[in-house]
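# Structural characterization, general
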Amino acid sequence: MGPEKRSKAVDLSHHLSELSKARELSPLKGLQKYFVPGTLSLAGGLPSPAYFPLADITVNALIPDSFDLVPAQRAPSSLSWFWKLFGAGTAKERTSSITIPKYPAAQGDVNLETSLQYGAAVAEGHLQEFLRHFVDEVYQPAIEDYTVLISTGNTDGWNRSVLMLCNPGEGVLCDEWTYPSAISSMLPANIRPVPIAMDGLGMRADDLERVLSTWDADARQMPRPHVMYIVPVGQNPTGSTMSIERKKQIYDICCRYDVVIVEDDPYYFLQMSNYIPKHKRSPERAGDAKHFLASLSPSFLKIDSEGRVIRLDTFSKTIAPGSRLGWFTCNPFFAERLERQGETSTQAPCGFGQSIITKILLNWTYDGYVRWLRGLRTEYTQRRDFIIDCFSEEFQIQIGPSTTDMWSGCTTYHAARKQAGRDHEKYPLQNRTMFSFVPPVAGMFIWIKLHLDQHPSYVPGSEDSLEMKVFARLAESGVLFAPGWIFSAAAMGGSTKEIPGHFRLSFSLAESSDLERAVKIFGRVLQEFFVEQF
């Protein structure tokens, strides 16, 4: 249930870009209000559904309790959950058959006649109701007049949001390490990133305050930013997860400086418990659905008493990315502008994906979908645990305080070469830390910091070349990590000020045997690299 007392969104119309202000209702979409049963419509250019080459669509969907609620005492399945979802492999899955007919058997049924036709830039009716109920129960928005609007995923959601809010020459507040596609989508419109320093909880409130309070529009050659882009849970690429206390600090600052927050949260339901080393683990007990939802870090929506948060959700990480389906949750004024933009760009999401996901959710019900999400969390927890276990097998791991400001206050894992008998003369640096990381508590990624200052050829300023040498050696050995520089907001914004020596590792897709092999190759490459002279 939502909060007992809710406020209404304040007027934020002054945040609209000139482009968004100029958008009007699409003339053709405007005719739809006249499309009522019994009307003989000759107005639209709609093809006859009789010529859709489908009589129906039948899918065999996994049942909601397909995955366990507690981690098994074994390596993750050799099949990724994605492939399991679509039945590739020999494992027998428990499924239920779902059929979507071309024409409805009863009024209001999900059907292909409607789903595959041109439509408004809003969700199918049943899906809209489901999402509204889901948002109310899970996120509990602080404003009573919030609106849910369909999108084609969070990339589309962010692109629409930034063009609605920002004019060319403006900037967007973001984490110093951030999702590169978010920045790439706004750079052609001459909208630039304004990086804010991070720590183990994500964006730092003190640095946000510093940047906004000391903003010099003339020196920066742009007005003070009024939009923030943030991934608060399982942050991409660092894996950090923001506490509710930090979110309150960030939100209060944004209220004082009149900043709209775009909360991109695709990893929200992949929140996990803290990593426990393999030798210290004990069997877990599964809590109930109420306990699961209570364990999740609350959304900014829950504290957004002014309606200045635009939340982006997606089915990409919880059902399938190819469905290209997600949704906004925001105040009604922003939702109306976003809908106008959708009418002349993406229009409605793909009818195939929307109708199938709608039927799956209706079949599962709200409780079933929450059960599915709980199982996914368990699967990703096992994957995270497994790859970190592999690090412990391959490297000498020491747990201690952070050596970098970004992980200040975090329990950090420092990896050195494992002791190897009498080869200390061959490997004189074997006790020195080669890399560090913090086990993530959400998402799909581990963010690694290479200690390039431990390399025998290190001199200040050589970090970039050393990082690329490691990247190239790994690629030549058949392992691909994402180099840190592609996530640097400063670098993407044209600045030369960045911190080299980082890699992002994903544990979400590879089979357990491949994860293990990749870590072994990583170990061999690093051990050879850290004794070479260049």
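First, a word on what this report is: a plain description of the structure on this page. Model, not experiment: these values are computed from the prediction.

Criteria and cut-off values
- Residues numbered from 1 in each chain as written.
- Predicted model: local features only at pLDDT ≥ 70, side-chain atom pairs only at ≥ 80, totals over all residues.
- Heavy atoms only, no water.
- Helix = DSSP H or I, 4+ residues; strand = E, 2+ residues; numbered from the N terminus.
- Rg over C-alpha atoms; globule rule 2.2 N^0.38 Å.
- Buried < 20%, exposed > 50% of the residue type's maximum accessible area, 1.4 Å probe, protein only.
- Contact = heavy atoms within 4.5 Å.
- Areas by Shrake-Rupley, 256 points an atom, 1.4 Å probe, with all protein chains shown as cover.
- Lys, Arg positive; Asp, Glu negative; His and termini not counted.
- Charge placed at Lys NZ, Arg CZ, Asp CG, Glu CD.
- Polar contact = N/O pair within 3.5 Å; in protein donor to acceptor, adjacent residues only side chain to side chain.
- Axes fitted to C-alpha atoms, helices over the stretch in contact; angles between N-to-C directions.
- Parallel < 35°, antiparallel > 145°, perpendicular 65-115°, else oblique.
- Nonpolar A, V, L, I, M, F, W, Y, C, P; charged D, E, K, R; others polar.
- Expected span 1.5 Å × (residues − 1).
- Left-handed = near helix turned anticlockwise from the far one by under 90°.
- Pairing = 2+ DSSP bridges.
- Salt bridge = Lys/Arg side-chain N within 4 Å of Asp/Glu carboxyl O.

### A word on the overall build of the protein chain
Of regular secondary structure, the protein chain possesses 16 helices and 17 strands. Scaling as 2.2 N^0.38, a compact globule of 534 residues should have a C-alpha radius of gyration of about 24 Å, and the protein chain matches this with 25 Å. Structurally, the protein chain occupies a C-alpha span of about 90 × 65 × 45 Å along its principal axes. When burial is assessed residue by residue, the protein chain has 53% of its 534 residues classed as buried. Considering only contacts within the protein chain whose residues lie at least 6 apart along the sequence, 76% involve residues at least 24 apart. Split by element, the accessible area of the protein chain, about 24100 Å² in all, is 53% carbon and sulfur. Charged side chains of the protein chain number 54 positive and 60 negative; the gap between the two group centres comes to 3 Å.

### Quick look at the side chain of Ser151
With respect to the helices, strands and loops of the structure, Ser151 is situated in strand β3 (residues 147-151). A polar contact of 3.2 Å, which involves the side chain of Ser151, links it to the backbone nitrogen of Gly153. A polar contact of 3.4 Å, which involves the side chain of Ser151, links it to the backbone nitrogen of Trp327.

### Details of the packing of helix α8 (residues 205-213) against helix α10 (residues 244-256)
Close contact between α8 and α10 brings their axes to 9 Å; oriented N to C, the two are set at 10°. Considering their axes alone, α8 and α10 lie roughly parallel with respect to each other. Seen from α8, the contacting residues are Ala205, Leu208, Glu209 and Leu212; seen from α10, they are Arg246, Gln249, Ile250, Ile253, Cys254 and Arg256. Class assignment for the residues of the contact of α8 with α10 results in six nonpolar, one polar and three charged.

### Points about helix α16 (residues 512-529)
The first and last C-alpha atoms of α16 sit 26 Å apart over 18 residues, in line with the 26 Å expected at 1.5 Å per residue. Listing the buried residues of α16 in full gives Ser512, Leu515, Val519, Ile521, Phe522, Gly523, Val525, Leu526, Gln527 and Phe529.

### Considerations on the packing of helix α5 (residues 125-138) against helix α13 (residues 351-394)
Packing of α5 against α13 brings their axes to within 9 Å, and their N-to-C directions diverge by 25°. The angle between α5 and α13 falls in the class roughly parallel. When you trace α5 past α13, the crossing you get is left-handed. Seen from α5, the contacting residues are His126, Leu127, Phe130, His133, Phe134, Glu137 and Val138; seen from α13, they are Gln354, Thr358, Leu361, Leu362, Thr365, Tyr366, Tyr369 and Leu373. For the contact of α5 with α13, a count of residues per class yields nine nonpolar, five polar and one charged.

### Details of the sheet that holds strand β12 (residues 395-400)
The antiparallel open sheet is built from six strands, whose spatial order is β12-β13-β14-β15-β17-β16. Single-partner strands in this sheet number two, and they are β12 and β16 (482-483). With six bridges connecting them, β12 and strand β13 (residues 412-417) associate as antiparallel partners. Looking across to β13, one finds that Gln398 is bridged to His414.

### Remarks on the pattern of salt bridges
What the rule picks out here adds up to 23 salt bridges. Arg246 is the partner of Asp199 in a salt bridge, and the nearest nitrogen-oxygen pair spans 3.0 Å. With a gap of 47 residues between them, Asp199 in strand β6 (residues 198-199) and Arg246 in helix α10 connect regions that are remote in the sequence. Summarising the burial analysis for this pair, Asp199 and Arg246 share the class buried. Between Arg281 and Asp389 there is a salt bridge, and its shortest N-O distance comes to 2.6 Å. In this pair, Arg281 sits in the loop between β9 (260-264) and α11 (289-295) while Asp389 sits in helix α13, placing the two residues 108 residues apart along the sequence. Residue classification places Asp389 among the buried positions, given a relative accessible area of 11%. Look at the salt bridges and you will find they share partners, linking Glu336, Arg337, Glu339, Arg340 and Glu343 into a network.

Everything listed is a geometric property; what it means functionally is a separate question.
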